[in-house]
Amino acid sequence: MKHTDQTVCPYCEGHGYVQLLLGGSETCYGCLGKGTEKEKQTVSEN
Ligand SMILES: [Zn+2]
């Protein structure tokens, strides 16, 4: 098995935006709207 390079953003769960309590939505600050977050620095020897 291979790990995926990106994981679903835990803040927006992959939507790319978050719902605001007051209504509406805002671009996710965790992934900047991408919906995925890069894995933390991985040691890759190339
Ligand atoms: Zn996000």
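On a predicted model such as this, the values are computed, not experimentally measured, just so you know.

## Thoughts on the overall build of the chain
For the chain, the count of helices and strands is zero helices and four strands. Counting helices and strands in the order they occur from the N terminus, the chain gives β-β-β-β. Sorting the 46 residues of the chain into buried and exposed places 9% on the buried side. A sequence separation of at least 24 residues applies to 24% of the contacts in the chain between residues at least 6 apart.

## A few points about the environment of Leu32
By secondary structure assignment, the location of Leu32 is in the loop between strand S3 (25–27) and strand S4 (36–38). Its 11 C-beta neighbours within 10 Å are what place Leu32 among the exposed residues. With 15 residues separating them along the chain, Leu32 and Tyr17 place their C-alpha atoms 8.0 Å apart.

## A few points about the confidence of the model for the chain
When pLDDT is averaged along the chain, the result is 84, and 74% of the positions lie at 70 or above. Considering each helix and strand of the chain separately, the mean pLDDT is smallest for S4, with a value of 83, and largest for S3, with 95.

## Concerning unusual backbone geometry
Although it is not a glycine, Glu13 adopts a positive phi angle of roughly 55°. Within the secondary structure, Glu13 is located in the loop between strand S1 (6–8) and strand S2 (17–19). Phi is positive for Leu32, which is not a glycine, with a value near 60°.

## A few points about the environment of Cys28
Mapped onto the elements, Cys28 comes out in the loop between S3 and S4. Along the backbone, Cys28 and Gly16 are 12 residues apart, and their C-alpha atoms lie at a distance of 5.5 Å.

The rules behind the values
- Residues numbered from 1 in each chain as written.
- Predicted model: local features only at pLDDT ≥ 70, side-chain atom pairs only at ≥ 80, totals over all residues.
- Helix = DSSP H or I, 4+ residues; strand = E, 2+ residues; numbered from the N terminus.
- Buried ≥ 20, exposed ≤ 12 C-beta atoms within 10 Å, placed from the backbone.
- Contact = placed C-beta atoms within 7 Å.
- pLDDT = per-residue confidence, 0-100.

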